Amino acid sequence: MYDYDLLVVGSANADLVIGVERRPAAGETVLGSDLTVHPGGKGANQAVAAARLGARTALLARIGDDAHGRLLLDSQRAARVDTVGVLVGGAATGVALITVDPSGDNSIVVSPGANARLAPADVRAAAGLFHASRVVSAQLEIPLETVVETVRCLAPGSRFVLNPSPPRALPAEVLAACDPLIVNEHEARVLIGGAPAGDRPADWAGILLAKGPKSVVVTLGPRGALVASAADGVVEVPPVPVDAVDTTGAGDAFTAALAWRLGAGASLTGAAAYAARVGAAAVTRRGAQASFPTADEVEGLRSTGDGPGDGADSSGGGDRGGNSGAP
């Protein structure tokens, strides 16, 4: 019935990456490594991550008519992502400035460029992609009104997955469509209005669920993740221990893998467990898209909760930071 397992509506950036011994404080200058340039952006990353796992994937995004844009197109096509929805022009390609410290943690500043020109009219013009897609995924590196239009253009029976990054207040219409809403600890705090430090993440999940999403996933770094839904309550997903090298893009890999597995019929907990292994594999290599694993590579990773013979839908969990998988 569907031509695509996943349609990603989102950003495409060139990642300009510098390694640092430590991230600078306000007013401070630190020396870093040589600059490297990689294809990135949350939307482009999710599309490549899903396609690398074997999902039939399409990307709706906007890039500039420049060298960075060509780099991004080449990367999508190399991963076998359908780029019929990638629009060219309107502004220079977006750029992300990324510093990575020795622990693998990063800090990111994004100049949206052409991403800010991805408009609701572009979404309406891509109606054919929406009707051909089992799952639609979005983020917030594009205009919020474009995300709202994405929700309005969903085909009957399709599923909407949102990672609200960078976080901001969301309209009720968008929240109600999320199945799931995927947040890390920082994003969760922003969306619920600054949860007190002593609150339990399980409480955050419940508060977020009460705001309207059909389901919620909260990623917790080395402590794993939580999934929440009205039917099943809050369920813990154990972590996947690995030696983290670079967390850049690992959250995008997690989201893409979860969206794809949900579309394939996995339970929310099973999809999050599989996604945790994908995120864990991604943090063991440098870069964003270059770090994304294939399905065969993911099968070699097990979570702290796995027993012998556990399958892809019954194990894993993770988030960014420490020595665990990501976002």
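One can find the structure itself at the top, above this paragraph.
Described in the following lines is the structure provided in the data block.

So, how was this worked out
- Residues numbered from 1 in each chain as written.
- Predicted model: local features only at pLDDT ≥ 70, side-chain atom pairs only at ≥ 80, totals over all residues.
- Heavy atoms only, no water.
- Helix = DSSP H or I, 4+ residues; strand = E, 2+ residues; numbered from the N terminus.
- Rg over C-alpha atoms; globule rule 2.2 N^0.38 Å.
- Buried < 20%, exposed > 50% of the residue type's maximum accessible area, 1.4 Å probe, protein only.
- Areas by Shrake-Rupley, 256 points an atom, 1.4 Å probe, with all protein chains shown as cover.
- Lys, Arg positive; Asp, Glu negative; His and termini not counted.
- Charge placed at Lys NZ, Arg CZ, Asp CG, Glu CD.
- Axes fitted to C-alpha atoms, helices over the stretch in contact; angles between N-to-C directions.
- Parallel < 35°, antiparallel > 145°, perpendicular 65-115°, else oblique.
- Left-handed = near helix turned anticlockwise from the far one by under 90°.
- Contact = heavy atoms within 4.5 Å.
- Nonpolar A, V, L, I, M, F, W, Y, C, P; charged D, E, K, R; others polar.
- Phe/Tyr/Trp six-rings, centres within 6.5 Å; stacked < 30°, edge-to-face > 60°.
- Pairing = 2+ DSSP bridges.
- Salt bridge = Lys/Arg side-chain N within 4 Å of Asp/Glu carboxyl O.

Regarding the overall build of the protein
Move 1: Scanning the protein from N- to C-terminus turns up 11 helices and 13 strands.
Move 2: Here the C-alpha atoms of the protein give a radius of gyration of 18 Å, agreeing with the 20 Å that 2.2 N^0.38 yields for 327 residues.
Move 3: Over its C-alpha atoms, taken along the principal directions, the protein stretches across nearly 50 × 50 × 40 Å.
Move 4: Every one of the 327 residues in the protein was classed for burial, and the buried ones make up 59%.
Move 5: Looking at the protein as shown, the accessible area adds up to about 12500 Å², and 53% of this sits on carbon and sulfur atoms.
Move 6: For the protein, the separation between the mean place of its 26 positive charges and that of its 34 negative charges on side chains is 3 Å.

Structural notes on the packing of helix α1 (residues 42-53) against helix α9 (residues 250-263)
Move 1: α9 packs onto α1 with a crossing angle of 55° between their chain directions and a minimal axis gap of 8 Å. Of the possible angle classes, the one that applies to α1 and α9 is oblique. Judged by the sense of rotation from one axis to the other, the crossing of α1 with α9 is right-handed. Judged by residue contacts, Lys42, Asn45, Gln46, Ala49, Ala50 and Leu53 of α1 engage Asp252, Ala253, Thr255, Ala256, Ala257 and Trp260 from α9.
Move 2: Here the contact of α1 with α9 is composed, by residue class, of 7 nonpolar, 3 polar and 2 charged.

Re the packing of aromatic side chains
Where two aromatic rings form a pair, the distance of their centres and the angle of their planes describe that pair.
Move 1: Within this structure, the stated rule accounts for 1 aromatic pair.
Move 2: When the ring of Trp260 is compared with that of Tyr274, the centres are 6.2 Å apart and the planes differ by 65°; the resulting orientation is edge-to-face. Of this pair, Trp260 sits in helix α9 while Tyr274 sits in helix α10 (residues 268-282), and the two are 14 residues apart along the sequence.
Move 3: Using a relative accessible area of 14% as the deciding quantity, one classes Trp260 as buried.

A short note on the side chain of Ser75
Move 1: The residue Ser75 is located in helix α2 (residues 67-78) in this model.
Move 2: For Ser75, a relative accessible area of 15% puts it in the buried group.
Move 3: Excluding residues that lie within four positions of it along the chain, Ser75 makes contacts with Pro39, Val48 and Gln289.

Brief notes about the pairing of strand β12 (residues 225-229)
On any regular strand, side chains alternate: one points to one face of the sheet, the next to the other face.
Move 1: Most of β12 sits inside the fold, with 5 of its 5 residues counted as buried.
Move 2: Residues Ala225, Val227 and Ser229 point to one face of β12 and Leu226 and Ala228 to the other, with burial holding for every one of them.
Move 3: Taken together, the 5 bridges between strand β11 (residues 215-219) and β12 define a ladder with antiparallel strand orientation. Looking at β12, one finds that Thr219 is bridged to Ala225.

A short note on the environment of Gly206
Move 1: On the secondary structure map, Gly206 appears in helix α8 (residues 201-210).
Move 2: C-alpha separation for the pair Gly206 and Val95, spaced 111 residues apart in sequence, amounts to 35 Å.

Description of the pattern of salt bridges
It is possible for side chains of opposite charge to pair when their charged atoms get near one another.
Move 1: All told, the structure shown has 12 salt bridges when counted by the stated rule.
Move 2: Residues Glu185 and Arg223 are paired through a salt bridge, measuring 2.7 Å at the closest nitrogen-oxygen approach. Of this pair, Glu185 sits in helix α7 (residues 185-191) while Arg223 sits in the loop between β11 and β12, placing them 38 residues apart in sequence.
Move 3: The partly exposed category is assigned to Arg223, whose relative accessible area is 49%.

Looking at helix α5 (residues 144-152)
Move 1: The buried count for α5 comes to 7 of 9 residues, which makes it a mostly enclosed element.
Move 2: Of the residues making up α5, those classed as buried are Leu144, Thr146, Val147, Val148, Glu149, Thr150 and Val151.
Move 3: The inward-facing, buried residues of α5 contact β1 (4-9), α3 (120-125), α4 (127-131), β8 (133-139), β9 (159-163) and α6 (172-177).

Focus on unusual backbone geometry
Move 1: In this model, Ser165 is joined to Pro166 through a cis peptide bond whose omega is -5°.
Move 2: Relative to the assigned elements, Pro166 resides in the loop between β9 and α6.
Move 3: Omega for the peptide link from Asp179 to Pro180 comes to 10°, which places this bond in the cis form.
Move 4: The topology assignment puts Pro180 in strand β10 (residues 178-183).
Move 5: Even without being a glycine, Arg80 presents a positive backbone phi close to 70°.

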